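This is what each chain is made of:
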4 protein chains.
Amino acid sequence: MSQEPGGGGFSGLPDRAGAIHRYLAVRADTEQLASPLSEEDQLLQSSPLCSPTKWHRAHTTWFFETFLLEPRGIAPIDPRYRFLFNSYYDAVGPRHARPKRGLLSRPTASEVASYRRTVDGRMVELLSSLDDVELGALLPALELGLAHEEQHQELMLTDILHAFHENPLLPAYRAGTSKAGAAATSAALDGATPDHLFAGGLIEIGASSRGAFAFDNEGPRHKVWLEPFQLARRLVTVGEMKAFIQAGGYRTPSLWLSEGYEWATARQIDAPCYWHHSGPDWLIFGLDGLRELPDNEPVSHVSYYEADAVARFLGGRLPSEQEWEAAASHVRSAGNFVSSSALRPLAARVETDGPTQMFGDVWEWTRSSYEPYPGYRPAAGAFGEYNGKFMVNQRVLRGGSCFTPDGHVRSTYRNFWHPDTRFQVTGIRVAKDA
Amino acid sequence: MSQEPGGGGFSGLPDRAGAIHRYLAVRADTEQLASPLSEEDQLLQSSPLCSPTKWHRAHTTWFFETFLLEPRGIAPIDPRYRFLFNSYYDAVGPRHARPKRGLLSRPTASEVASYRRTVDGRMVELLSSLDDVELGALLPALELGLAHEEQHQELMLTDILHAFHENPLLPAYRAGTSKAGAAATSAALDGATPDHLFAGGLIEIGASSRGAFAFDNEGPRHKVWLEPFQLARRLVTVGEMKAFIQAGGYRTPSLWLSEGYEWATARQIDAPCYWHHSGPDWLIFGLDGLRELPDNEPVSHVSYYEADAVARFLGGRLPSEQEWEAAASHVRSAGNFVSSSALRPLAARVETDGPTQMFGDVWEWTRSSYEPYPGYRPAAGAFGEYNGKFMVNQRVLRGGSCFTPDGHVRSTYRNFWHPDTRFQVTGIRVAKDA
Amino acid sequence: MSQEPGGGGFSGLPDRAGAIHRYLAVRADTEQLASPLSEEDQLLQSSPLCSPTKWHRAHTTWFFETFLLEPRGIAPIDPRYRFLFNSYYDAVGPRHARPKRGLLSRPTASEVASYRRTVDGRMVELLSSLDDVELGALLPALELGLAHEEQHQELMLTDILHAFHENPLLPAYRAGTSKAGAAATSAALDGATPDHLFAGGLIEIGASSRGAFAFDNEGPRHKVWLEPFQLARRLVTVGEMKAFIQAGGYRTPSLWLSEGYEWATARQIDAPCYWHHSGPDWLIFGLDGLRELPDNEPVSHVSYYEADAVARFLGGRLPSEQEWEAAASHVRSAGNFVSSSALRPLAARVETDGPTQMFGDVWEWTRSSYEPYPGYRPAAGAFGEYNGKFMVNQRVLRGGSCFTPDGHVRSTYRNFWHPDTRFQVTGIRVAKDA
Amino acid sequence: MSQEPGGGGFSGLPDRAGAIHRYLAVRADTEQLASPLSEEDQLLQSSPLCSPTKWHRAHTTWFFETFLLEPRGIAPIDPRYRFLFNSYYDAVGPRHARPKRGLLSRPTASEVASYRRTVDGRMVELLSSLDDVELGALLPALELGLAHEEQHQELMLTDILHAFHENPLLPAYRAGTSKAGAAATSAALDGATPDHLFAGGLIEIGASSRGAFAFDNEGPRHKVWLEPFQLARRLVTVGEMKAFIQAGGYRTPSLWLSEGYEWATARQIDAPCYWHHSGPDWLIFGLDGLRELPDNEPVSHVSYYEADAVARFLGGRLPSEQEWEAAASHVRSAGNFVSSSALRPLAARVETDGPTQMFGDVWEWTRSSYEPYPGYRPAAGAFGEYNGKFMVNQRVLRGGSCFTPDGHVRSTYRNFWHPDTRFQVTGIRVAKDA
């Protein structure tokens with residue numbers, strides 16, 4: 001999501017009460033995630049790709065106001081918000097310049113809180129008062145709005161992490177460092193060797209239009225031919241990343257895509273984002289501040305270029321998104337998501353036959369360019385802008401991360417970012433041809 | 001080829017005499033193409049993506065010297081050329097900065113001519129003196145070197161066109177305008193409607209390792225599942241491009257990829273490259289200078305972004321490279337290549353049942369990102385850098401153009417450029433889901 | 001002050017009680033000026049040339065801590081502030097990157113307030129406890145620190161104005177628009193004709209080392225030969241600026257310096273900074289928000305390039321700083337400074353024989369490049385960095401503005417900015433050769 | 001001359017025959033200087049600030065055609081040259097983009113030679129056929145055109161030096177290295193100590209309108225008050241520059257102007273332009289190719305920033321242009337100019353009482369910003385653009401260099417470049433307050 005999230009599909013909301021409940025729960029989660037941050041913190045924008053916390057809180061609200069309330073005749077709370085909090089919807093009209101979101105001291109954080117509360121009230125009133133037919137017609141947009149807000153919950157965390165990293169004081173998002181999982185070892189999982197075999201063949205991937213909610217870019221479900229391949233049972237670790245560094249991997253052109261090598265050289269990149277030299281070793285900056293970096297933790301905050309080079313260094317390659325989905329489709333979509341409160345990837349712990357860490361921990365770069373599936377057709381109107389118009393120069397990532405809300409992703413879920421992106425929670429799993 | 005060409009496969013050279021003959025013929029073609037240009041013309045570099053004619057002439061010679069003569073103990077003519085005329089081979093060593101190729105007044109154009117002649121002499125001597133086994137071992141590299149030189153022949157034309165366009169005098173590459181084909185009409189081919197149906201299914205594409213020469217990126221041959229699709233029988237024309245412009249296509253965001261629209265807006269692009277306003281109509285600058293632009297000629301010099309938008313405007317989409325290859329695999333690879341001397345795309349003339357203009361005229365943008373095929377493995381050493389390291393952020397083009405040497409392309413041939421490229425001879429064919 | 005203020009001279013502080021009183025008064029003025037701004041407002045940094053209000057408040061405090069308290073053995077409150085709030089003193093050590101001052105949500109605005117209060121306490125204690133000799137030795141640095149803080153008071157206003165202008169809501173710094181002076185006319189002062197004659201000759205300018213406090217760049221006092229010249233009795237007005245625009249001044253190269261014309265053309269500049277089209281007329285954005293723009297008000301927020309072109313358009317030229325000082329040396333340095341609460345330049349009202357508006361209203365661009373005076377020698381140590389190292393590529397401005405604290409400027413006072421600066425309160429007075 | 005030369009004054013041409021003779025001599029000198037360069041060499045443009053040799057040859061011809069022939073009814077040889085070879089005269093009309101001069105392979109070098117010959121013929125015919133009154137009226141423009149061409153003769157050398165430096169082969173402008181002066185020592189001139197005293201006082205500087213030809217920026221002659229000062233008797237040498245480097249001068253901020261230090265740091269500058277590391281020592285690239293760098297040779301190719309820092313390092317400062325002129329006004333304007341054929345600065349050899357090397361060798365940076373003299377008024381029309389419009393952000397240089405044509409400069413001559421300029425032959429003389 002180099003832009004930000006969009007364009008959904010089909011509702012899995014059960015009923016009126018359930019819908020209201022889920023609406024309020026998602027909305028409360030957003031406020032909960034923002035709560036450790038002061039009004040000043042919430043104004044920070046440290047890159048044109050990041051947005052202030054306050055802006056995320058307002059934009060997700062704008063989404064409900066613009067796409068659910070306005071079409072039903074409920075006038076906007078402040079007509080100027082249509083301009084300020086539009087992210088990228090040309091169909092809605094002009095918008096505030098993205099790199100200048102951090103200059104909006106007004107409306108204030110408390111005005112935004114009030115905006116959220118008012119819209120929540122109007123939403124609950126609407127959901128309560130519509131008749132069943134009207135409610136049924138509204139549910140897909142509601143589900144999209146909630147999935148959209150969940151995407152922004154993750155972005156709130158990635159963006160404040162990036163902002164705090166620009167402050168020499170290196171403030172922590174939360175006070176006490178969680179030590180959960182720090183002691184875990186990956187003894188049983190030696191090596192990132194892609195040793196788990198998949199048979200390939202003519203399979204089906206993608207979300208079906210008859211199932212639960214999915215974004216439009218996850219469908220249509222379609223056939224694809226896969227050659228046999230092998231997949232590593234766990235993610236690439238910090239220890240393996242250090243070996244890559246030690247071996248001069250960042251200065252060995254034969255390991256890299258040409259553009260990747262130019263990128264790393266021009267920026268003098270010699271380690272993942274947020275890694276800090278500490279004598280001979282490394283520390284990492286995260287939501288708990290600066291901390292030690294255990295070797296068995298999955299490496300994160302690497303670009304596609306680095307992921308591609310490290311996979312080659314380890315004797316393999318990145319999986320395609322079709323391979324990943326084929327492997328993930330039989331795995332339960334549980335893992336280290338935001339509710340674990342780790343807020344960092346955790347060492348692989350469970351010994352299983354098949355691949356672990358497929359969900360949560362880190363978004364896994366795939367070798368697949370982000371393209372429309374066969375037969376893909378964006379929705380008419382503004383929702384059609386959610387996903388389709390970003391399908392160029394980006395790579396697909398799969399599986400969600402430790403910043404992703406629980407229940408948000410599934411095996412068909414397609415995240416996407418430009419190959420040079422490092423501020424997201426992005427990691428590596430190695431594949432190879434069988 | 002946003003960088004430039006590379007990395008081949010298997011030889012189709014018949015025998016010693018044939019090899020010498022083909023070597024001399026390809027080398028002579030290069031000099032023939034350069035012959036209308038003065039020494040000053042041959043020094044022009046109008047963009048970091050373009051190279052001077054003289055540099056192309058020297059680099060292709062360097063290729064034979066470095067990869068065929070040196071490994072057989074024949075010392076280089078000037079050791080400094082190893083640095084000056086290396087394009088992008090890290091394995092060979094450091095190289096002159098690409099954007100500064102136009103500052104090499106020395107070696108002079110006539111020193112480069114002499115360099116070519118000396119290497120040609122050494123090559124003929126080598127090809128004549130090797131025993132059969134040695135010759136057989138050398139042939140793949142020879143074939144690669146010749147295919148490589150053919151690629152640079154096309155680039156010599158695209159690059160001098162770009163350079164001359166920067167001169168307000170708008171000089172022509174050749175004196176008299178060829179009028180060939182100007183009178184042709186496309187009466188029988190009304191519309192770019194993608195009306196030719198292909199059934200899809202599980203098919204095979206790519207070059208087999210047992211066939212004639214192909215670049216490594218064309219293989220391995222592999223299975224792919226295609227849904228049924230339709231393909232336009234001819235290329236999109238100038239007339240259709242004018243309709244797009246007339247309808248405000250360049251200022252209609254819903255027709256574009258988001259990055260494409262930003263690209264067009266930021267650069268104030270309102271027509272294909274080399275189009276010039278002439279009152280209410282347009283002229284086009286080409287190798288024959290400024291000329292009129294008939295409506296039935298295929299449009300060329302459009303970026304991927306424009307191609308994508310125009311296809312959408314015409315109610316379709318771009319084909320995938322697999323679709324294109326499936327359609328092209330039964331078509332003879334003949335068409336308007338460089339030997340026709342038109343040096344511009346020509347209106348579709350032949351009425352056939354199936355698609356026309358699949359080969360020659362313009363490179364056809366496909367919707368496919370340039371990726372390795374399943375099982376792709378670059379060669380070891382410097383040849384491994386020919387193609388593989390460019391497989392990110394580029395789009396595949398198919399079919400060759402009116403600047404391409406005859407016999408150079410085939411149905412499996414994959415050209416590739418970044419989506420914003422316009423100085424190549426690039427055009428559009430529309431597809432749609434069946 | 002394209003960087004910011006610096007490097008003073010000799011104390012005019014009367015005695016211990018007076019020193020303490022003046023210290024507390026200047027410090028209180030800063031907080032008073034910041035008081036209408038929320039914590040979020042105080043974090044805004046809308047350009048690398050501007051700093052957040054909070055940063056100004058901390059940096060001026062850092063100045064006293066670093067240059068007065070630390071040398072007297074009083075340990076810093078937070079050693080990290082040495083890095084965060086150093087502006088440009090290499091002698092003090094490394095510093096936080098200037099363009100990233102707006103990313104410092106921590107320390108918070110209230111931590112900065114606390115920092116100020118603690119330092120104030122320590123300063124008062126120090127000033128009370130030193131013996132007379134020690135106090136006398138400290139006074140020059142104290143006076144410099146206070147003059148420094150006054151400079152930052154003006155910058156706080158110019159910088160928040162710039163930041164608020166980036167917000168589409170165009171918030172006002174203060175609630176109710178002051179209408180003071182709006183009705184004033186300049187009836188008696190028709191034209192900006194430079195009709196007041198000065199005889200020239202061998203005169204002295206600059207601050208003497210034996211007088212009251214002055215920055216080091218104001219001295220040494222020295223002789224200069226002036227030819228006779230004429231000076232306009234009032235500033236160039238909005239009405240005259242409109243005439244310049246109406247006459248196509250922004251698109252007439254013969255009125256401009258070559259670099260100025262390129263600057264205006266490349267940036268598509270067609271009016272002073274903060275002017276907004278309002279149908280056929282203009283509004284201006286200021287600390288009171290958007291307001292009407294009376295013709296008789298002095299024009300402000302013009303670059304040197306524009307000032308130079310407008311003076312030429314009006315048949316004159318800008319005065320040299322020596323001419324300006326010669327004219328100002330007999331005028332009382334009173335005028336529309338910050339205490340008038342107008343916070344915008346006011347129409348000339350008083351009819352006098354000599355020039356009016358020499359002090360206050362707007363900083364007046366002079367044609368003089370900012371250079372050291374003959375015999376100028378920067379102080380040793382960090383104070384030597386205050387002024388001297390900025391003496392290249394800048395122009396001198398004279399007289400202070402409606403944002404300048406009362407009593408801050410004098411006839412010898414030299415402000416300086418790069419020629420393309422427009423966010424300061426900068427205006428024009430016309431001169432010509434007699 | 002960051003742009004290039006301009007705007008003259010009053011003729012010193014003696015008579016008709018003398019005028020024709022001088023015209024032909026200057027024009028022949030240009031061709032002589034260009035003669036070692038091939039057609040390819042003459043097309044090189046290695047920076048937007050440099051122009052191709054061919055362009056210089058055409059532009060100086062355009063000057064005579066546009067300002068002398070056209071006004072007398074002689075139609076231009078090719079109307080398109082008005083656009084191609086206009087440098088910066090807005091009054092003449094639009095012009096070809098400066099950074100693209102190196103893309104003009106047409107007109108060819110031989111077409112430019114022919115253009116020169118045809119204009120020369122027309123000029124001689126005109127000078128022969130005008131009556132005495134008409135001739136007298138034309139002479140000022142003729143003298144300006146010739147001084148203009150002399151300025152471009154120097155630029156041809158500085159620009160080809162810059163271009164050849166971009167070629168890894170480091171070609172020499174001329175074949176055999178001149179060793180003239182290499183053995184010279186400066187034994188008698190130990191140190192660059194500014195030990196020659198000048199009394200100062202009220203003096204006159206500038207060119208009088210009644211004297212020989214001078215550019216308009218050299219006048220009017222006017223009074224200026226100077227304090228007593230001391231001037232070094234010779235230029236700063238390579239040996240002193242090495243001492244600066246050795247002492248870490250490039251990384252000592254207290255020696256630098258703030259912008260200068262940022263400039264040097266950002267560009268990683270650690271030596272003058274064209275200096276090459278050669279083990280522990282240095283070589284220099286010049287018109288004779290790469291050569292050793294004797295310690296007693298004057299340092300050249302330094303920016304104003306470096307000159308300012310080195311003067312400070314040596315305990316002094318740069319002289320003002322008024323000081324320089326006061327010192328030079330009693331020195332004969334002879335020295336190491338282009339006719340010496342050294343084409344590089346030579347060690348000081350003559351022991352005199354007063355300053356040596358004031359003329360020739362290197363242009364000497366002064367601390368003076370390039371400003372109009374009191375009473376300066378540019379000419380009406382295009383000639384008014386020659387000098388006046390560049391009077392901002394540049395520094396004055398004095399005295400001419402080893403690339404300057406003999407007789408071109410005088411004590412009042414003002415050259416000017418931006419402070420970051422290094423490709424000109426620029427050096428340092430130290431001054432200090434007495």
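Residues numbered from 1 in each chain as written. Chains lettered and ligands numbered in written order. Predicted model: local features only at pLDDT ≥ 70, side-chain atom pairs only at ≥ 80, totals over all residues. Heavy atoms only, no water.

Break down the overall build of chain A for me, with residues and values.
The number of helices and strands found in chain A is nine helices and twelve strands. Relative to the compact-globule value of 22 Å for 434 residues, chain A shows a C-alpha radius of gyration of 21 Å, a close match. The dimensions of chain A, computed from C-alpha atoms along their principal axes, are 60 × 55 × 40 Å. The proportion of buried residues among the 434 residues of chain A is 63%. (Helix = DSSP H or I, 4+ residues; strand = E, 2+ residues; numbered from the N terminus. Rg over C-alpha atoms; globule rule 2.2 N^0.38 Å. Buried < 20%, exposed > 50% of the residue type's maximum accessible area, 1.4 Å probe, protein only.)

Describe the domain arrangement of chain A, and please don't skip the residues or the numbers.
Residues and elements named next belong to chain A. Structurally, chain A comprises domain 1 (16-165) and domain 2 (178-433). The straight-line distance from the C-alpha centre of domain 1 to that of domain 2 is 28 Å. Taken together, the contact pairs 27 residues of domain 1 with 27 residues of domain 2. Buried area between domain 1 and domain 2, both sides added, is near 2,500 Å², and the carbon and sulfur share of it is 71%. Between domain 1 and domain 2 we count one salt bridge in total. Remark: the boundary between domain 1 and domain 2 carries 14 residue pairs in polar contact (both at pLDDT 80 or more). (Domains from an automatic or database assignment. Contact = heavy atoms within 4.5 Å. Buried area = accessible area lost by both parts, 1.4 Å probe. Salt bridge = Lys/Arg side-chain N within 4 Å of Asp/Glu carboxyl O. Polar contact = N/O pair within 3.5 Å; in protein donor to acceptor, adjacent residues only side chain to side chain.)

Give a description of the pairing of strand β7 (residues 289-292) of chain C that names residues and reports values.
All names here are of chain C. Bridge count for strand β6 (residues 281-286) against β7 is four bridges, and the pairing is antiparallel. Paired with G286 across the bridge in β7 is G289. As consecutive antiparallel partners, β6 and β7 are separated by two residues. (Pairing = 2+ DSSP bridges.)

Describe the nonpolar core, and please don't skip the residues or the numbers.
Counting 241 residues, the largest nonpolar core has B:L142, B:W256, D:L142 and D:W256 as its most contacted members. With 238 residues, the next largest nonpolar core counts A:V119, A:V302, C:L257 and C:L343 among its residues. (Core = buried A, V, L, I, M, F, W, Y, C linked by side-chain atoms within 4.5 Å.)

Before we move on, can you summarise the sheet that holds strand β12 (residues 431-433) of chain A with the specific residues and values?
Residues and elements named next belong to chain A. Reading across from one edge, β1-β4-β12 is the order of the three strands in this open sheet, with antiparallel pairing throughout. Edge positions in the open sheet fall to β1 (196-198) and β12, since each of these has one partner strand only. For this sheet, the mean angle separating the axes of adjacent strands, direction not counted, is 30°. The pairing of β1 with strand β4 (residues 229-231) spans three bridges and is classified as antiparallel. Residue pairing in the sheet places H196 in a bridge with L231 of β4. (Axes fitted to C-alpha atoms, helices over the stretch in contact; angles between N-to-C directions.)

Describe unusual backbone geometry, listing the residues and the values that go with them.
All names here are of chain A. Here the amide bond leading from R106 into P107 is cis, since omega sits at -5°, within 30 degrees of zero. Along the chain, the position of P107 falls in the loop between α3 (81-84) and α4 (109-129). Cis geometry is found at the peptide bond from G219 to P220, where omega equals -5°. Within the element layout of this structure, P220 appears in the loop between β2 (201-205) and β3 (222-226).

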